[in-house]
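# Structure assessment
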Amino acid sequence: MNLPVDVNWETEQITSQQYRHSISESYLQTLARTGLEQIVNFPTRRDNILDTISTNRPTLVRQCQSMPGLSDHDVIFTELEIKATKRKPVRREILLWKKADLECIRTCAKKWADKFVTDNDTFTPIETLFEDTQRSLDKLVKDHVPSKMSSSRCNQCWFNTTTKRVCRKKQRAYRKAKHISSKSTSTAKAKMKAWSRYHAIKRDTQKTCRQAYNKFLADLIDSDPSSNKRLGALIKTIRCDQTGVAPLKEGNILHCDPKQKANILNKQFSSVFGIDDDDDSSLPDLGQTPYPDMADIEVTTAGHGFRKRRSCETQLILTINDLAKGLEDKEQIDVILLDFAKAFDKVSHQRLLLKAQHYGVRGLTLQWMADFLTDRTQQVMLEGQLSNEARVTSGVPQELPETGTTYQQTQLTHPPSSNVEAFKSFLRET
């Protein structure tokens, strides 16, 4: 559509009065009322967007870009997927653990463990230990656990054994009727008989499928109202949009290739990382450490995240207990809630190691932590495709409470009379 309007399409606000205000306002109201989205975000005539394309299915737009035109307006080149395709599930390997030879696995695992302890020592790099362990365990599973590949068919959630059997029967009848019709020696009676059998089986298949679908809906209505898992499965099968991750835009181009989408997501995830302090001059001076060498890594009892028999519920119970005790003793209660932004993404590796050394983590334990944090990379798996590797310049895995606790240790000082409870990146002081 070629319509001169004064609209900033990023904010959908009318910016000036060069054209009649009523035209621009009416155009925006029409788009909102009909559920349309304007996808042209680049100038088409000088610095203005005068040529627009609106759609109610922006996920079907693969790319939209400008090209030189014959007049003073640029040509808008748009590539669309006219039909919403439903992507087939990616085939994956399913391990059949019920048929695994567990006794043989235990024997081979013990032999590998003995060899692992003999061949390695405390000076072996952790990366070498990890690769050896991963390779040996993968070989154990491959040799002693049978597997099968999942189907790439998009089966409905109400499909069961009966419907699958009648569908296969219908397919066999169709192939047989087609084969008889293609033979020049077949009589007209034989062809008619084969196709009549196929149509009869087709009617029975449709009846069976309708019965299975209606039974699924009836069971769904009578099921537990607190569980919406079956309802979600039904909605997923009948939606008309693409399954999986929608096309992702980079610049003015929408990418549908799984490899490109994985790279875009990996780039987005990597953008939250902080810049690691490779230069020692930027590290803080913690002064002389008053802490002796730590024999074992100790985790403060205030932590509730990723610990055995600890969770956010246990932290909440202790919080309520402290509040109730303070009210009963008629004491003043002050609560400070702190949530460290990007606590596990912005942690500098060098600063973390410096603080660990300051608090007594030294020697082989510190070397192990440094080896673990050095040269880390990440990848994104999407629709069976792996993205390129991206360097992890900061941050620690959330499953390592010791690293988060070590980094938070100097973030908060409190008087002895107060209590501090922590869950992941969240701290509470009362």
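The model shown is predicted, which means the values in this text are computed figures rather than measured ones.

Attention shifts here to the packing of helix α2 (residues 102-119) against helix α3 (residues 126-144). Two numbers describe a pair of packed helices, the interaxial angle and the distance between the axes. Where α2 meets α3, the closest approach of the two axes is 10 Å, and the angle between their N-to-C directions is 160°. By the angle between their directions, the pair α2 and α3 is classed as roughly antiparallel. Crossing of α2 against α3: the hand is right-handed. Residues Cys104, Ile105, Cys108, Ala109, Trp112 and Phe116 of α2 form the contact with α3, whose participating residues are Leu129, Asp132, Thr133, Ser136, Leu140 and His144. Class assignment of the residues belonging to the contact of α2 with α3 gives a composition of eight nonpolar, three polar and one charged.

Moving on: the nonpolar core. One recurring pattern in soluble globular proteins: nonpolar side chains tend to sit buried together. Of all hydrophobic cores here, the largest spans 13 residues; its most connected members are Trp9, Val40, Phe42, Val61, Cys64 and Ile76. Elements supplying a minimum of two residues to this core: α1 (21-34) and β5 (61-67). Sort the elements by how many residues they give to this core and α1 lands first, with three residues. Not counting the four nearest positions on each side in its chain, Val40 is found in contact with Trp9, Ile49, Asp51, Thr52, Ile53, Cys64 and Ile76.

Next up on the list: the packing of helix α9 (residues 349-358) against helix α10 (residues 364-373). Axis separation between α9 and α10 bottoms out at 11 Å; the angle between their running directions is 170°. The pairing of α9 with α10 is recorded here as roughly antiparallel in orientation. Residues His349, Leu352, Leu353, Ala356 and Gln357 of α9 form the contact with α10, whose own contacting residues are Leu366, Met369, Ala370 and Leu373. When the residues that make up the contact of α9 with α10 are grouped by side-chain class, the tally is seven nonpolar, two polar and no charged.

Okay, a nonpolar patch on the surface next. On the surface, Leu323, Leu327, Ile333, Val335 and Leu337 cluster together to form a nonpolar patch covering roughly 440 Å² of accessible area. Its location among the elements puts Ile333 in the loop between α8 (312-328) and β11 (336-339).

Attention now goes to the environment of Ile201. With respect to the helices and strands, the residue Ile201 is situated in helix α5 (residues 188-222). The class for Ile201 is buried, based on a relative accessible area of 10%. Between the C-alpha atoms of Ile201 and Tyr174, which are 27 residues apart in sequence, the distance is 9.4 Å. Every residue in contact with Ile201, bar those within four places of it in the chain, is listed here: Lys169, Lys170 and Ala173.

Cut-off values and rules
- Residues numbered from 1 in each chain as written.
- Predicted model: local features only at pLDDT ≥ 70, side-chain atom pairs only at ≥ 80, totals over all residues.
- Heavy atoms only, no water.
- Axes fitted to C-alpha atoms, helices over the stretch in contact; angles between N-to-C directions.
- Helix = DSSP H or I, 4+ residues; strand = E, 2+ residues; numbered from the N terminus.
- Parallel < 35°, antiparallel > 145°, perpendicular 65-115°, else oblique.
- Left-handed = near helix turned anticlockwise from the far one by under 90°.
- Contact = heavy atoms within 4.5 Å.
- Nonpolar A, V, L, I, M, F, W, Y, C, P; charged D, E, K, R; others polar.
- Core = buried A, V, L, I, M, F, W, Y, C linked by side-chain atoms within 4.5 Å.
- Buried < 20%, exposed > 50% of the residue type's maximum accessible area, 1.4 Å probe, protein only.
- Patch = residues over 30% accessible without salt bridge, like charges linked within 9 Å, V, L, I, M, F, W, Y side chains within 5 Å.
- Areas by Shrake-Rupley, 256 points an atom, 1.4 Å probe, with all protein chains shown as cover.
- Salt bridge = Lys/Arg side-chain N within 4 Å of Asp/Glu carboxyl O.

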